[in-house]
Amino acid sequence: MENAFKLLLSCPSGLSSSQVSVNFDESYDRVPHPDIDLDNSISEIWDQKVQQSTSLFNGKKFRYGGHSGLEPHVCLHLGLTDYRTFMGTNLNPSWERFLVASEDDCKQCQHTSSPLGNGAIVQTSDNMILVLQRSNNVGEFPGYLVFPGGHPEPEEVGITSHKCENSELRNRNISQEMFDSIIREVVEEIGVPASTLSDPLFIGISRRVLNVRPTAFFFIKCNLESTKVQQLYSSAQDGFESTKLYIIQPSELENMASKMPGCHRGGFALYKLMLECVKNIK
């Protein structure tokens, strides 16, 4: 199940920041579960985790609540959640009990935290793709292969709640954070300067079946050759999160993807759809 995925949104032509908007609203926040004991387990799990690791920090996250529109313009529906609720719902051993029987994805996941992660398919100037092997010290999928990524951060754009005087400006800032954050993650995890990276293209959202974890994926070009990227990786700011950087031919990705968590395997599927779209245009 850890490799299974579902594509929630596919944008194979690749959308720029001007083509992706955001509707940030409390109506997209998590709905508490009617089983009070199950909902109370969120706090219990968090308290246990904090006792085990004092370095845990309960940061705010954007919650994926669906989307509207189709290419060439989509609007992401985002609410607010936090890492504590993510640990207590999506990462709860009883995570399936939080799901609602429904064909509608947002309704099915209405009781889960479902923070929106991000990932990048990065292509070097010599047409190679970057894949990381996660360290054994990370909270999710230690040792697995992944694309570089992390999360867009509400606090990067000054958001700690839904209170706001200018919702239009707030939505624009969040939309820009979707694109700024993935550049940040690539810089911190790979070690390449931001100036070497192209503007990201949004290619869609995948969700792994295991604990219904959603991730937004982007395609980014790096104007450095793979040998230089490998050199820079050795001094990456967040290099501790991974143990190895693989720089591979796109044709090798099929085999690599079989060793990825579902959401990142879904990212590979979105990348393949993008390549097919480019080929059809030519």
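Computed from a prediction, not measured in an experiment: that's the story for all the values here.

### Some words on the overall build of the protein chain
So, point 1. Across its full length, the protein chain carries seven helices and 11 strands.
So, point 2. Taking 2.2 N^0.38 as the reference for a compact globule, 282 residues should give roughly 19 Å; the C-alpha atoms of the protein chain span a radius of gyration of 18 Å, in line with that estimate.
So, point 3. With respect to the principal axes defined by its C-alpha atoms, the protein chain has extents near 55 × 40 × 35 Å.
So, point 4. When the 282 residues of the protein chain are sorted by exposure, 51% land in the buried category.
So, point 5. Sequence-distant contacts, at least 24 apart, represent 74% of the contacts inside the protein chain between residues at least 6 apart.
So, point 6. In the structure as shown, the protein chain presents an accessible area of about 13,100 Å², 48% of it carried by carbon and sulfur atoms.
So, point 7. If the 25 positive side-chain charges of the protein chain are averaged to one point and the 34 negative ones to another, these points end up 4 Å apart.

### Some remarks on the nonpolar core
As a rule of thumb, soluble globular proteins bury nonpolar side chains together.
So, point 1. Counting 43 residues, the largest nonpolar core has Leu-76, Leu-78, Met-178, Val-192, Phe-202, Ile-205 and Val-229 as the members making the most contacts within it.
So, point 2. Here the element with the most residues in this core is helix α4 (residues 167–190); it accounts for seven residues.
So, point 3. Ignoring sequence-local partners within four residues, the contact set of Leu-76 consists of Leu-9, Val-20, Ser-21, Val-22, Asn-23, Gly-66, His-67, Met-178, Phe-202 and Ile-205.
So, point 4. Counting 17 residues, the second largest nonpolar core, distinct from the first, contains Leu-145, Phe-147, Ile-203 and Met-256.

### Quick word on the pattern of salt bridges
So, point 1. Within this structure, the stated rule accounts for 10 salt bridges.
So, point 2. The residue Arg-207 makes a salt bridge to Asp-105 at a minimum N-O spacing of 2.1 Å. One end of the pair, Arg-207, is in strand β9 (residues 201–208); the other, Asp-105, is in helix α3 (residues 105–108), with 102 residues separating them in the sequence.
So, point 3. Each of the salt bridges in this network shares a partner with another, and the network as a whole consists of Lys-6, Asp-105 and Arg-207.

### A few points about the pairing of strand β4 (residues 74–82)
Here is the key point about a regular strand: its side chains alternate between the two faces of the sheet.
So, point 1. For β4, a buried count of nine out of nine residues is recorded, marking the element as mostly surrounded by other parts of the structure.
So, point 2. Neither face of β4 is exposed, since Val-74, Leu-76, Leu-78, Leu-80 and Asp-82 on one face and Cys-75, His-77, Gly-79 and Thr-81 on the opposite face are all buried.
So, point 3. Examined bridge by bridge, strand β2 (residues 20–24) and β4 share five bridges and lie parallel to one another. By the bridge assignment, Val-20 is partnered in β4 with Val-74.
So, point 4. Bridge analysis of strand β3 (residues 60–68) against β4 gives seven bridges, and the strand direction is antiparallel.

### Comments concerning unusual backbone geometry
So, point 1. Note the cis peptide between Glu-71 and Pro-72, where omega equals 10°.
So, point 2. Relative to the elements of secondary structure, Pro-72 occurs in the loop between β3 and β4.
So, point 3. You will see that Asn-127, though not glycine, has its phi angle at about 60°, which is positive.

Thresholds applied
- Residues numbered from 1 in each chain as written.
- Predicted model: local features only at pLDDT ≥ 70, side-chain atom pairs only at ≥ 80, totals over all residues.
- Heavy atoms only, no water.
- Helix = DSSP H or I, 4+ residues; strand = E, 2+ residues; numbered from the N terminus.
- Rg over C-alpha atoms; globule rule 2.2 N^0.38 Å.
- Buried < 20%, exposed > 50% of the residue type's maximum accessible area, 1.4 Å probe, protein only.
- Contact = heavy atoms within 4.5 Å.
- Areas by Shrake-Rupley, 256 points an atom, 1.4 Å probe, with all protein chains shown as cover.
- Lys, Arg positive; Asp, Glu negative; His and termini not counted.
- Charge placed at Lys NZ, Arg CZ, Asp CG, Glu CD.
- Core = buried A, V, L, I, M, F, W, Y, C linked by side-chain atoms within 4.5 Å.
- Salt bridge = Lys/Arg side-chain N within 4 Å of Asp/Glu carboxyl O.
- Pairing = 2+ DSSP bridges.

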